[in-house]
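Each chain, written out:
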Amino acid sequence: MTKWMITAALAALALTTSWAQAQEVKVGVALPYTGIGAEFAQLVDRGMELYLKLNADKVKPYKISLIKRDVKDPGGANAKIAVQELLTQDNVDVLAGWIYSPNAIASAPIVTAGKKLAVIMNAGTAHITTMSPYYVRTSFSMWHAGYAMGEASAKLLNAKTAVVGYTDFPPGKDSLAAFKRSFEAVGGKVVDEIPMGGAGAVPDFTPFFQRAKDKKPDVFFVFVPAGDHAAAVVKTYAALGMREAGIKLIGPGDITQDTKLQAMGAAAVGLITMHHYHADLDNPENKRFVEAWKKEYGAATTPDFMAVGGYDGMAAIVHVVQTLKGKVDSEKALEALKGWKFASPRGPIMIDPVTRDIVMNEYLSEAVMKDGRVFQKVIGKIDGVKDACKEQKIGPCAPK
Amino acid sequence: MTEPVDHPAARALAERHRLRIWEAIPWLLALGFFFAFPKHLGFGTELLVTVLFAISLDLVLGYAGIVTLGQAAFFGAGAYTVGILAKQGIWHEPITGLLLAALVAAAVGFGSGLVLLRTQGLTLLMLTLCTMALLEEAANLAHDYTGGFDGLDSLPIAPLFGRFEFNPLYPTTQYLYVLAVLFVCFVFVRMLVYSPFGQSLRGIRENMLRMHAVGAPVRGRLVLCYTLSAAIAGVAGGIWAQANAYVNLGTLGLDRAATVLIILVLGGHGRLYGAFIGAVAYISLSHFLARIYPTAWQLGLGLLLVVIALFARNGILGIAAALRRPAHRAAS
């Protein structure tokens, strides 16, 4: 009799503990909270937290707890250790984060071995999602904006010739390859390709821009990493009188990152960019998002494309938790996300069921002055853009 | 032949190379760590590689007095040797891979040492930094072979002795492998610094002019020391690449070179075990502080470094030595 009672008690205990486990979903967050990436990590982190805060009722009855780890640098090793410990020590159900592509690349074998859903919220090297079957990306690939811009330059801006200036590291090369491929496919010609130093420090852009100016192209496509490069780009462009020479400065939205744009001031006016998000987008979700952001983090702050990567990534995780009723099984989670549609601040998005990468709109925007601030005016839009690199199976994007 | 002088100083000189009982402690602790913390082995492996790397720096900086900021050049040379050979499908076996890494790093060390070691002081410091920066940029440019900024990933490294796989999630093999290699390299360095060669290095560090005067081949010794140190740094880099199945530009960066310098100064240079103490203190502190405060952990680490710099010029082991000294004096 006692034996039965003990068994029953044990069974009850087992039930309640498994019930308690079903209630809480642990999300391991790997971001560079310190060092040169700290400013980006904060944007992604705030994006995630804001989604959880605004959608507390969507999370219920489950509890999502974030376990945050600093991956410190783009070197890969620290990111690997952080991800490994999140998997083996904290037994997380889902992984999230990744600002730098090298960290996502270094983490791939561990993610595969750990068999947990991993949501990439920024890292943009195109082929990353092919490296682990558990990677799902809610940010972008460099090809999204670069490829769309090539086509738009020829068709909407009527450009015949272009010069490409790029920061000499993989996202820059990706951007160049994407732009060149689509621009030349619709009859344009890239007359010069100018590598402009590494990503580590902001160079003096004058010699590169002078070389571009001498070629007299219709458009000058510039890729520099998000952060402090863009202000120098805009300044040099103005100083060399390139606009007066009839050369349009264009690029992906990294050169008009919302958090940096106002500091550039009037010099930024006339910049034409292609990107999936900026804070001036006119749709109800974005209005709500920007308003909530300013209320939460201060009127002087603004979300940008990195923040949206975190926000949408968290939306994806919440969707998984709801669909699977709090018990996150990785295979089922992947199934739940394939083809998932969401009304994001950047417009409608979807996870491509084949590549696990994002499908979204790309917006062609021009920077104008409005009410004493730089405003990004949408002048063109391409719906449902997929990552062209994987779509056309180029180089490392070809399935293995 | 005269009788050996029976004097405490002479005895101390004659016996200083002997093994002491406490020298087993670090190794026992490292083995204990393996059994006690099976889920921390990724961190442990990184720690052991850093110790090995710091030992290579101790040889040039602590013993020969060559002030360098470019030690990561050799770490990276070793790492990329392993990485490129594995990625191109030329060589997968780990142990011989390490020997190749050591050879390549030694060649880089020898070549650059021949030129660099003609200079001293700040010039030398700048030139070591430049060598490293040149290598880093070369690795960035040779994108087809090195993978550029993204690095080389998923390196196919063969199982150790054909049997023990490198598991990315539970790096037990990696930990024991790195520990064994560290032990072998440490024994080699220990023999080296107590050999006549090691003594002459100390002489050069203390008074180069006098070593010239007694006819010691100063430059040759320095170049040889620099080359050996490069080889060990190459082994550290190679084993790092094998343990992580990954290599990227971070292996050649100033970050790594500066960190290892801080670690050595923190632990105490020219003391063999300073590398152990410094690495354990620095890496553990940054690792566990970062877990508690992901955004503000550097504050704690910075405070420790300030305190060490202000009050313990010879590092943590320097404090220990300073505490021991009065006791010795009282005894004799």
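Residues numbered from 1 in each chain as written. Chains lettered and ligands numbered in written order. Predicted model: local features only at pLDDT ≥ 70, side-chain atom pairs only at ≥ 80, totals over all residues.

Asker: Explanation requested: the overall build of chain B in the structure shown.
Answerer: Helix and strand content of chain B: 15 helices and zero strands. Here chain B has a C-alpha radius of gyration of 20 Å; the compact-globule value for 332 residues is 20 Å, and the two agree. Based on the C-alpha atoms only, the size of chain B along its principal axes is roughly 65 × 45 × 40 Å. The 332 residues of chain B split such that 47% are buried. At a minimum sequence separation of 6, the contacts of chain B that also span at least 24 residues come to 77%. (Helix = DSSP H or I, 4+ residues; strand = E, 2+ residues; numbered from the N terminus. Rg over C-alpha atoms; globule rule 2.2 N^0.38 Å. Buried ≥ 20, exposed ≤ 12 C-beta atoms within 10 Å, placed from the backbone. Contact = placed C-beta atoms within 7 Å.)

Asker: Explanation requested: the nonpolar core in the structure shown.
Answerer: One broad trend across soluble globular proteins is that nonpolar side chains are buried collectively. Ranked by size, the top nonpolar core spans 222 residues in total, and within it L52, A105 and V235 of chain B carry the most contacts. Taken together, domain 1 (2-140 + 284-356) and domain 2 (143-275 + 360-397) of chain A each give at least three residues to this core, which thus spans both. In contact with A105 of chain B, other than residues within four places in its own chain, are F74, A77, G78, A230, A231, A233, G234 and G237 of chain B. (Core = buried A, V, L, I, M, F, W, Y, C linked by C-beta atoms within 7 Å. Domains from an automatic or database assignment.)

Asker: Help me out: how do you make sense of the pairing of strand β10 (residues 272-275) of chain A in this one?
Answerer: Side-chain positions along a regular strand alternate between the two faces of the sheet. Residue and element names in this part refer to chain A. What you see with β10 is no split at all: I272 and M274 on one side and T273 and H275 on the other are buried throughout. Two elements, strand β9 (residues 248-252) and β10, share three bridges in a ladder whose sense is parallel. Following the sheet pairing, I250 is matched in β10 by I272. A crossover links β9 with its parallel partner β10, the connecting element being helix α10 (residues 258-264), and its sense is right-handed. (Pairing = 2+ DSSP bridges. Right-handed = clockwise from strand over helix to strand, strands pointing away.)

Asker: Where do I start with the domain arrangement of chain A in this structure?
Answerer: Where interface size is quoted, it is often the accessible area lost as the parts come together. Residues and elements named next belong to chain A. When its domains are assigned, chain A resolves into domain 1 (2-140 + 284-356) and domain 2 (143-275 + 360-397). With 17 residues of domain 1 at the interface, the matching set in domain 2 holds 20 residues. Classifying every residue of the side of domain 1 that touches domain 2 by side-chain character gives six nonpolar, eight polar and three charged. (Nonpolar A, V, L, I, M, F, W, Y, C, P; charged D, E, K, R; others polar.)

Asker: What exactly am I supposed to notice about the confidence of the model for chain B here?
Answerer: The predicted coordinates of low-pLDDT regions are not to be read in fine detail. Summarising the model, chain B shows a mean pLDDT of 88, and 96% of its residues fall at 70 or more. Both confidence scores are given for the complex: pTM 0.85, ipTM 0.81. (pLDDT = per-residue confidence, 0-100.)

Asker: What am I meant to see in the sheet that holds strand β3 (residues 94-97) of chain A here?
Answerer: To summarise the sheet geometry, strands pair through backbone hydrogen bonds and adopt either a parallel or an antiparallel arrangement. Residue and element names in this part refer to chain A. Strand order across the open sheet formed by five strands is β2-β1-β3-β4-β5, with parallel pairing between neighbours. The open sheet has two edge strands, β2 (63-70) and β5 (135-137), and neither has a second partner. Across the sheet, the mean angle from the axis of one strand to that of its neighbour is 25°, orientation sign disregarded. Pairing of strand β1 (residues 24-31) with β2 involves eight bridges; the strand directions are parallel. Bridge assignment links L31 to a residue of β2, and that residue is D70. (Axes fitted to C-alpha atoms, helices over the stretch in contact; angles between N-to-C directions.)

Asker: Hey, could you run me through helix α9 (residues 229-239) of chain A in this one?
Answerer: What sets the pattern is the α-helix's 3.6 residues per turn: residues three or four places apart point alike. Here α9 of chain A has its buried residues at H229, A230, A231, V233, V234, T236 and Y237 of chain A. G241 of chain A occupies a position one or two residues after α9 of chain A and carries a positive phi of about 65°.

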